[in-house]
Structures are given as C-alpha cells and as structure tokens.
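Here is what each chain is made of, one letter per residue.
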Amino acid sequence: MSDLKAIILCNNPIALPGIKEFLFYGKVGALVTTSKNAEMQALLAQLAAGTGVPILHVDKKNFVAELKSAIDKYQITVGLIMTFPFILPKNILELPEKGFINFHYGLLPQCRGPQPILWHILNNNPEGGITLHRLDDGIDTGPIVLQEKLPIGATDTYGMLQSKLAHLGAKSAATLLKILSFGSFIPSTPQDETKAAYYKNPTAQQLTINWQTMDSHQIIRTVNACNPWNKAAGSSISNWFLGITEVEISNIAASETDKSGTIMVIDKENGLLVKTKDDKILKINIIYLQEGFLSGWRLAEFGIKVGDCFA
Amino acid sequence: MLRIGILTPRSTLYPTIGFDIINGLKAGFAQFNLSDVSLFTENIGFGTDEPEIYTKAEKLILGDNVDVVIACCDSRIAAMLQPLFAAAGKLLMVTNMGANLPEDWQPHPTTITHSLNFCFNTSLTGALAAANGTGALAASYYDAGYNQVYTILTRFQQKGGRILYNHVTHLKNEHFTLQPLQQFMASENGTPNLLCLFCADMAELFYKALAAIQQEQAANLFVSPMMLEESLASGLKQQVLLKNVQGYTPWLSTFTNANNQAFVGAYQAAQGKSPNIFALLGWDTALLLDRFATALAAHNNNTAAAIKAMGEAAPLPSPRGWIKLDPLTNHIYGPAYLVKASNHFELTVEENNSLDIDAEWKSFKEEIMLPSAEASSAWRNTYLCI
C-alpha cells in the first residue's frame, strides 16, 4: 500500500466514514471541500487533526486550478469523489495515475443524479446502496468498480438511510483501498444503459402529498424521504400549507365511505388519524408548522377538526 | 473445457486440508465425467494475506485465463475479490466451512458461496439446547473467534435459553483446564447443559477432561460440528466414557444414502482412505462446477446468467443428501442432521429429527444476522487455519 495517495473531494458528512478508512492507512494526500461549507470544513479539520493531511477549501471559480496544483504537489495517485457539487473537467480526470472514482450513494445505473437516496425512497425501491464507479465525462455514467446494496425498511427516513450508507461507504472504501493497493489495474464493468435512469433534484410538487392520488405506502415514503433534510413533506388542508414529518400506519379499520384525506380522529389520546385512498388509516405523529414541530393532534389548536379533509 | 483456478489453504491444526479438498474435487470430477478440465492451483497460506491472495487471483484470471476460481477464504476476502471477478465475468466460488457469518446476505452476481453451513448447524444446536432452559458456554480460545459462538448463543437465547457461565480455554494446551467449569457444574442443581465449541486436538482434550469430570457430575453436551468429526473417534473410543453428546452437523461419512456411498467409494478407490469433511467440500464443489459448466454452456458463457439458472434449478444430489443454491443470497445450503455420540464416541443420526431445512435456513438468515453498519470485530479467523 506504500505508493497510494488519494485526494478526496467531499461536501457532506456521509463521506466521513469512508474518509476515515483511507486516513487510517495513511493513504490521504489531501482533503477538499467547498469554501461555503463551514460544517464540512470543521468536521474534516477534526477528522484529520494530527495527521498532517492538508484540507483545501475551494469554490467554483478556483477548484480546477487548486486541484491541479494539489495533485502535483502531494503526488496524488487517485482521486475520490464522495459528494462534491462541482463537475470535474475531463482534463483533470486523467491527472492522477489511477484516475478518479466516484462514491455514488445510490444504485447505478438505475438511479443517477444528485439525490439518489431521496429517489430510492420516493420511487418505492426495495433497496438502495452505494456504487463506486470510475469517473468519465458523463454524470454517474462511468464503469462500475463495486456496488453494495441494503434494504430500505418501511420506517427508514432519508436520514436513517444516509447513516446506513455512510457506514456502507466505509466498507466499500476499505474494499476499494485493497483493490487500489494490491491490483495491477482497477476492475470495472460498463453500466447497462438499458437500465439507466437520471433523476433531477425534486420539485416542490414531488415532495407534496396528494391524498387523493397517493396510497398509504406512497404517503409514508414521501414523508420519510423528506425527513430530516426538508423538515417535512408538504400537505394542505383548508387552504393551509403545512408539513408532515412523521407518520405511521394505524391498525384501526377505515370506513369505505369517507373521502381520502378525511380526518377521522383528532385528540390527544388517539392522535391525528387520517383516511387514505387505499382505505387505510394513517396516524400523523409529527407535523411541521411555522410555529414549530408539534404532535399531529395539536392541529386541533389551529381549528382543524374531525371531518376536515387534506387535499 | 472448463479452466479452474484454486486458491488452496494451509492449516496448522488440519495440515492436509488443501490436499483433502483437491482430492475430493478430483474424485468428483472423475465421478461426474468432468474430465475436460484444467486445474491451476495457487497456495494462499492461512487465507489472511490479502495482497498475496489478490495478486494470485489476478494471475489466475489474467495469466491462466480461468473460468472459475475456487477461493478457500471468508467473506471479507471475497468482498475484496468480487469486483475483479465481476469485471472479468468469471465465477468466484468462495469455499469454506461456514464457521463465520457473511457481513451481509446480498447476492453478488458472479459469486457463489459454498460452505458446510457450520453457523447454521450450530444455530440449530443452540435451539435444541434451549429446551433445557439454562446452560454454560465452553469454547476453546480458538473456536471462540468464530461466529459459530454467536450463532449458537443467539439461537439459544432467542429460544428462551439463558447462559449462566462462560468458559473459554487457553490457547496453549499445557494451560488447558476445566476446573472453573467444573466448579460451575457442581453448583448447578440439575444436570448442567454445556454449549461446546472445540475443534481438532482441542476437542479431544476437552472430551477427555470432561469425561473425567462426568464420572462425578453428568452434563448434557450440545456440540459444534467439528466436535462430531469422525477422526476424533480414534482418540476417544478406547479411553473415554462420554455421556449425552449431541449436536447438528452437515455430514457423516457413514451416511447410507446412495450419493454418499458413491462419494465414499470413489474417494476410497482413488485415495485408499476414507474421506473427511474437507474432502466432502471438494466433492460438492465438483458437483456444483458440473452444474455450472452445463448452465454456462446454456447461457452463452454468461457467468451471472448461469448462476441465476442454478438458483432456479433442482437441488443437487450431494453426499449430504442434497444441496441447493439459494437464489436470494447465492449461498449453498443443505440438510443438518442431529447426531448423538455414544459412550465410546460412536456417532448415530437421530432419524426422527427431520427439520424443514428450507424454513430453518430462511429463519436463520433473517434472525441471526450480525449487527450491521456497526464496528465489526477485528478477528481474522477464516477456519482455514484450523
């Protein structure tokens, strides 16, 4: 493992366990994050304290020059991207001897784009995962080096899945480190373009619950997909737009005659119970309002009552 | 022609392990008419030197152009090798005793994990022991490094058992003692139940020491598969009066099914001696490769498609009774037999103890996972160095 030196570009704490693996073995030449991300700067400083590894803070204007300089100065042999907002130009990709490898925190080729964790949940995928692939001049299109999957549980929020993927990232980083260190080449497999799909950042509408068209499962997934980064999934009632942060299926039987979105119960003892399109009852545990995060039943304090209907 | 690479292991406790596996493999090739194969062997020592293993696997694929590599290693090593095999489109057949759990059960498209399911068997033994309520764990320092301890204890506790005492013996035989365990046994009101995990000479040492204790204090012994290894009998038959020894194991050479008779007969004819459990692993590997070769030919040399087809096919006729490729994990599994040892270590299968193995295997996968996404143990045992 003596000759390997990585430059690691990151912008999200999900990268930290993976970075730790490389730091532990002394294989990091430099760490890079953006000049606007004070949280990451602090976390990296803490992580790399005492290692002597330099931490570069770059912006959109200077990052290419900074990277070129760092690759040369620190004798970098491989570049690792673990969430980074700027697209690397092609002339950078070939500078390290082993090229660049991207840690995509989703499954490829079926979930390309900047928010794979979110889309795996919204798309009701049974599993998510992490894909390490060689960087080429497309977005998330390079050949796959390795992929690890994990099941997405019914109660998994975005944050929970992100934490699990961070740990999976450490495992993948450990495997990658061995491949980079022991192998004479980096094995990789081209992506199957027939299975490829690209997902952009979501629109507000995609993060809003439509009680008339979504079934209970879709509602739960939408809520979970927004928690915690968006605070809540949007929903409206009586021309009032609010957020739903946490919800669960109730085992209470629903009446077929009531309209989807109808509030069946709203009190402290039983909570806030709402009927869904598939004749289930959802218990809304936590709501998000301008006034704060509150228990669902406290909507009653704002005049919401049994029989009112979410749109 | 199938070109087969083998990363063969070394073992201090079982010095012939590599030979036994290869001899079983060759006997299987002859039996299944797989004469058109080329073997390329690389020694990987105790299976822990990762750079060496990776380099040798790369050589087998790039230099020897093999279709398959039989790698006697654990799941951590397999994780390192899988990208190489996926990129090359070659089969990685991870082969071991199954004494460790995989870090996860996710199937890898070009990997088959072929083991003797020791963890599965010990989990069943743990469930069996739980019917007696409470018990103590007795394991060698060496065996305690394997996940079999975790599986026997987890199932024991899941089924309502409660561990009252743990006794782990010293690494060196000269420091071996059961005295603290004996004190615990003496303090028990009823017959104490011991969940036991020992292998090789440590198993013999334990049995002999316990037999001396059992003259005064009987105990029920729920033992790991390696404690039912028939080679132990030669050291135990003449000297030891053992009581109440039982446990689940995947195989005994004395099985009377036709598949086993064919195996034992072919092996004896070729090697002039009876096969052991490592030879069985080799034989079953040949059986799987025979099926793989057929599937590969039927799927235009697409390894992933061939493995998928194997997962959908009927069970294979193993000396164990049968073996199956679980398509949800790409792991091989087979029956587990409740075996009891007589006073002089004569092993007999409890015929009236048939389990629904498919259901048990499903439950095992779902309920006895290692804690995931947490810091993992630093143990590096592979059961190859036994």
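Quick note: structure is the one above.
Here the structure is a predicted model, which is why all the values come from computation and not from measurement.

1. What to know about the overall build of chain B
Along its length, chain B carries twelve helices and 14 strands. In terms of overall size, chain B behaves like a compact globule, its C-alpha atoms giving a radius of gyration of 21 Å where 386 residues would be expected to give roughly 21 Å. Viewed in the frame of its principal axes, chain B has a C-alpha envelope of about 65 × 50 × 40 Å. The burial tally for chain B puts 51% of its 386 residues in the buried class. Within chain B, contacts between residues separated by at least 24 positions form 74% of all contacts whose residues are at least 6 apart in sequence.

2. Re the interface of chain A and chain B
Chain A puts 15 residues into the contact, and the matching count from chain B is 15 residues. Taken together, the elements giving at least two residues each to the side of chain A that touches chain B come down to strand S7 (144–151) and helix H6 (158–182) of chain A. Residues of the side of chain A that touches chain B, tallied by class, amount to six nonpolar, six polar and three charged.

3. Thoughts on the nonpolar core
Counting 201 residues, the largest nonpolar core has Ile8(A), Leu7(B), Ala57(B), Val69(B), Ala71(B), Leu81(B) and Cys196(B) as the members making the most contacts within it. With 14 residues, the single largest contributor to this core is helix H10 (residues 277–298) of chain B. When neighbours within four sequence positions are excluded, Leu7(B) is seen to be in contact with Glu42(B), Ile44(B), Ile53(B), Lys56(B), Ala57(B), Val69(B), Ile70(B), Ala71(B), Cys72(B) and Cys73(B).

4. Some words on the sheet that holds strand S4 (residues 78–82) of chain A
All names here are of chain A. A sheet is described by the order of its strands in space; here seven strands give the open sequence S3-S2-S1-S4-S5-S6-S7, paired in mixed fashion. Bordering the open sheet on either side are strand S3 (55–58) and S7, each of which pairs with just one other strand. Neighbour-to-neighbour, the strand axes of the sheet open up by a mean angle of 15°, direction not taken into account. Relative to strand S5 (residues 100–104), S4 is paired through three bridges, and the arrangement is parallel. Across the sheet, the residue bridging to Gly79 is Phe100, located in S5. Across the face of the sheet, helix H1 (residues 16–24) comes into contact with strand S1 (6–10), strand S2 (28–34), S4 and S5 while running at roughly 165° to S1.

5. What to know about the environment of Asn259(B)
Residue and element names in this part refer to chain B. Take Asn259: it is sitting in helix H9 (residues 258–271). Along the chain, Asn259 and Met369 lie 110 residues apart, while their C-alpha atoms are 32 Å from each other. Those residues in contact with Asn259 that sit more than four places away from it in its chain are Pro317, Ser318 and Pro319.

6. Quick notes on the packing of helix H4 (residues 118–130) of chain B against helix H5 (residues 147–158) of chain B
Residue and element names in this part refer to chain B. It is the contact of H4 with H5, at a shortest axis distance of 7 Å, that shows an interaxial angle of 30°. In the packing of H4 onto H5, the handedness of the crossing is right-handed. In this structure, H4 uses Phe118, Cys119, Thr122, Ser123, Thr125, Gly126, Ala127, Ala129 and Ala130 to contact H5, whose residues at the interface are Asn147, Gln148, Thr151, Ile152, Leu153, Thr154, Arg155 and Phe156. A class-by-class count of the residues in the contact of H4 with H5 yields eight nonpolar, eight polar and one charged.

The rules behind the values
- Residues numbered from 1 in each chain as written.
- Chains lettered and ligands numbered in written order.
- Predicted model: local features only at pLDDT ≥ 70, side-chain atom pairs only at ≥ 80, totals over all residues.
- Helix = DSSP H or I, 4+ residues; strand = E, 2+ residues; numbered from the N terminus.
- Rg over C-alpha atoms; globule rule 2.2 N^0.38 Å.
- Buried ≥ 20, exposed ≤ 12 C-beta atoms within 10 Å, placed from the backbone.
- Contact = placed C-beta atoms within 7 Å.
- Nonpolar A, V, L, I, M, F, W, Y, C, P; charged D, E, K, R; others polar.
- Core = buried A, V, L, I, M, F, W, Y, C linked by C-beta atoms within 7 Å.
- Pairing = 2+ DSSP bridges.
- Axes fitted to C-alpha atoms, helices over the stretch in contact; angles between N-to-C directions.
- Left-handed = near helix turned anticlockwise from the far one by under 90°.

Don't take any of this as a statement about function, it's just geometry.
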